[in-house]
Amino acid sequence: MSPVFPMLTVLTMFYYICLRRRARTATRGEMMNSHRTIESNSRTSPLHAEVVQYAREVVDFSSHYGSENSMSYTMWNLAGVPNVFPSSGDFTQTAVFRTYGTWWDQCPSASLPFKRTPPNFQSQDYVELTFEQQVYPTAVHVLETYHPGAVIRILACSANPYSPIPPAEVRWEILWSERPTKVNASQARQFKPCIKQINFPTNLIRLEVNSSLLDYYTELDAVVLHGTKDKPVLSLKTSLIDMNDLEDDDYEEKDGCGMDSLNKKFSSTALREGPNNGYFDKLPYELIQLILNHLTLPDLCRLAQTCKLLNQHCCDPLQYIHLNLQPYWAKLNDTSLEFLQARCTLVQWLNLSWTGNRGFISVAGFSRFLKVCGSELVRLELSCSHFLNETCLEIISEMCPNLQDLNLSSCDKLPPQAFNHIAKLCGLRRLVLYRTKIEQTALLSILNFCSELQHLSLGSCIMIEDYDVIASMIGAKCKKLRTLDLWRCKNITENGIAELASGCPLLEELDLGWCPTLQSSTGCFARLARQLPNLQKLFLTANRSVCDTDIEELACNCTRLRQLDILGTRMVSPASLRKLLESCKDLCLLDVSFCSQIDNRAVLELNVSFPNVFIKKSFTQ
């Protein structure tokens, strides 16, 4: 027999095994496509009419450009039929996230990234939408009207938000996933990814985005869910298998291995104990620990099952100094925390952002974990962790005496009285309260006792009654402050700016975007320029009173300036911008969108003269 035939036989068997593997995982719906899309050949019977529906409401999101008490540029614009599509351009009736590009990562306020973040997890923001009817999804269309390409993951949830009976189990399935890719065109498009078929109906869809490759803010207009009421029947015809499917690095499999089975992974009692470990145990303990530092958490779970030696290394608390659990938000629960806590007694950086929602983590489970693992904590990320309540913040204040960095961004369900406990954390250096319901009394107490603050974010904190009082306290108590975010604070005046400028001379970053009560005629912006020479980032977004005098003061006094946003001003000329660009050699971002005196021709001329500066000029079609 020719040697070709055995080879063909082997390849045939291999192909058959692959088909069986695909059919098995597709039937169970357990394998999520992480960074590739496999086109399904499943078809619905003609008797199964397709249901097409727009989002009923937006139930959760991580950030948005707009205000908490209006509709302009907010995530709530994603509910209902399109407002703008198919038009292209910058429209207030769309949903816009808070950031774009890498500019926010280059600011003085940027936090260092966590180690051991899986390369497959690159989501920066999310929005969750509900629909009227539960369906088995056949398609999800996203209407993007400006700078498309931010959506990188689409997920479906088994829970029905409108059901009066809590579900016994909540599952999330990835319908589609892709790594961030650059989309060169900024025009509107209807994004139609090929989604995976799942084995449960859903009316809760989650979009996750990464805007790092975008030239400007992405704008989303609507989301359309297609599906059938009855479960589709897989056709006998099987799709061809992409060879990438043979890789064993699927995101969902890693999640499942890492979070669902921590008990099995870490408490194995029947580990193999051979006569030797291939001389691996001859390596110094520290060298093995260094090697294991490069593994993700799920990989550590797998490795812990191989032998007693590696189990000992994988359970060493030194492996969990930095623990990023955000990538596993869809799986992490009380059981996961329980089996991690024995290994996290030395944890210093802990990221629980996006975790614990819909009952996955209880207050009791979080409290038990912090009582064991909180003593060494220096940094705690809790963005969008909606399980938090006043008891949780009280536990943090009692169990984390060394805490320096606390992020409560978009924890908008925390009651106002809960924030009083933060004042006990006197060593805080960074505090992020964006989109929280903190009130003035609690904030004044925090500022009084946390005098070591260097980074403070109060963006979109709508419960603050008088920002001038807050600014006065900041100027009096926070002498080391380097960055301050007052995005959309509704009532700060020139008096508050004067207190900030005189009391916080080390400020390097100041966001006063969409602060309507500030007027250039009072001299407040000129005062900032003269008294804050270290400024690297200044956002004066949507302040129509910014004028040439303010720009010239910045050019003379703030030569270290790197980012400036003057979107919407009517009183700045190309000549003053040229002076600024000639003086501020490090300037790399300048937003002049909707500046009536700065037309496209002026932008082109400045681009020619200053090619290293990204000059942003948005438009409305």
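Note that the structure is a prediction, hence the values are computed from the model and not measured.

Bringing the overall build of the protein into the picture now. In terms of regular secondary structure, the protein is built from 16 helices and 21 strands. Relative to its full complement of 621 residues, the protein shows a buried share of 55%. For the protein, the accessible surface area stands at approximately 26,100 Å², while carbon and sulfur atoms represent 54% of it.

With that settled, the discussion passes to the sheet that holds strand 15 (residues 455–457). With respect to topology, 12 strands assemble into an open sheet ordered 10-11-12-13-14-15-16-17-18-19-20-21, the strand pairing being parallel. Unpaired on one side and paired on the other, strand 10 (322–324) and strand 21 (614–616) mark the two borders of the sheet. On average, adjacent strands in this sheet sit at an angle of 5° to one another, irrespective of strand direction. Here three bridges tie strand 19 (residues 563–565) to strand 20 (residues 589–591), and the two strands are oriented parallel to one another. Its bridge partner lying in strand 20, Asp565 is registered against Asp591.

What follows deals with the layout of surface pockets. Summary: where empty space remains is shown by rolling a probe the size of a single water molecule over the atoms. In this structure, the largest pocket spans a volume of roughly 1,500 Å³. What lines the largest pocket is a set of 48 residues, among which Asp105, Ser111, Gln124, Glu381 and Asn407 lie closest to the centre. Among the secondary structure elements, those contributing two or more residues to the lining of the largest pocket are strand 12 (379–381), strand 13 (405–407), strand 14 (430–432), strand 15, strand 16 (483–485) and strand 17 (509–511). Taken together, the residues of the lining of the largest pocket break down into 14 nonpolar, 23 polar and 11 charged. When residues of the lining of the largest pocket are assigned to domains, at least three map to each of domain 1 (50–228) and domain 2 (478–493 + 500–620).

Turning our eyes to something else, we now look at the pairing of strand 8 (residues 202–209). Counting buried positions over the eight residues of strand 8 gives eight, a clear majority of the element. Across seven bridges, the pairing between strand 4 (residues 125–146) and strand 8 is antiparallel. Along strand 8, the bridge assignment pairs Leu129 with Ile205. Sheet analysis places strand 5 (residues 151–157) next to strand 8, joined by five bridges and oriented antiparallel. In the strand pairing of strand 8, Val151 is matched with Val209.

The next thing to look at is the pattern of salt bridges. This structure, assessed with the given rule, holds 22 salt bridges. Between Arg379 and Asp405 there is a salt bridge, with its nearest N and O atoms 3.9 Å apart. Of the two residues, Arg379 is situated in strand 12 and Asp405 in strand 13; the sequence distance between them amounts to 26 residues. Among the charged side chains, a salt-bridge network with shared partners connects Glu128, Arg153, Arg206, Glu208 and Arg358.

The subject of this paragraph is helix 15 (residues 574–583). All buried positions along helix 15 are accounted for by Ser576, Leu577, Leu580 and Leu581. Seen from one end, helix 15 has its buried residues packed into an arc of 140°, which puts them on one side. Summarising the contacts, the buried residues of helix 15 are in contact with helix 14 (548–557), strand 19, strand 20 and helix 16 (600–609).

Bringing the pairing of strand 1 (residues 50–54) into the picture now. Side chains of strand 1 alternate between two faces, with Val51 and Gln53 buried and Glu50, Val52 and Tyr54 left unburied. As judged from the five bridges shared by strand 1 and strand 9 (residues 219–228), these two strands associate in the antiparallel manner. Of the residues in strand 9, the one forming a bridge with Val51 is Gly227.

Conventions used here
Residue numbers run consecutively from 1 along every chain, following the written order of its sequence. The predicted nature of this model means local features are confined to residues of pLDDT at least 70 and side-chain atom pairs, given and counted, to a pLDDT of 80 or more, with totals for whole chains, interfaces and linings taken over all residues. Note that the side-chain values use all heavy atoms of the structure and ignore hydrogens as well as water. Numbering of helices and strands runs from the N terminus, with a helix taken as a DSSP run of H or I at least four residues long and a strand as a DSSP run of E at least two residues long. Summary of the burial criterion: residues with accessible area below 20% of their type's maximum are buried, those above 50% are exposed, and those between are partly exposed, where the area comes from a 1.4 Å probe applied to protein chains only. Surface accessibility follows the Shrake-Rupley procedure with a 1.4 Å probe radius. Residue values consider only the protein chains on display as shielding. One bridge is not enough; two strands pair if DSSP finds at least two bridges between them. Helix axes are fitted to C-alpha atoms over the stretch in contact, other axes to C-alpha atoms as well, and angles between N-to-C directions run from 0 to 180 degrees. As defined here, a cavity is a set of points on a 1 Å grid over the protein atoms alone where a 1.4 Å probe fits but cannot get out. A pocket is an open set with protein on both sides within 12 Å along at least five of seven lines, and residues line them when an atom is within 4 Å of a point. Grid points are joined across faces, edges and corners, and a volume is the space filled by probe spheres set on the points. Gly is put with the polar residues, along with every residue not named as nonpolar or charged; the nonpolar set is Ala, Val, Leu, Ile, Met, Phe, Trp, Tyr, Cys and Pro, and the charged set is Asp, Glu, Lys and Arg. The source of the domain bounds is an automatic or database domain assignment. Salt bridges are defined as contacts in which a side-chain nitrogen from Lys or Arg sits within 4 Å of a carboxyl oxygen from Asp or Glu. It is the directions from the helix axis to the C-beta atoms that the arc portrays. Contact criterion: two residues are considered in contact whenever any of their non-hydrogen atoms come within 4.5 Å of each other.

Distances and angles like these do not, on their own, reveal function.
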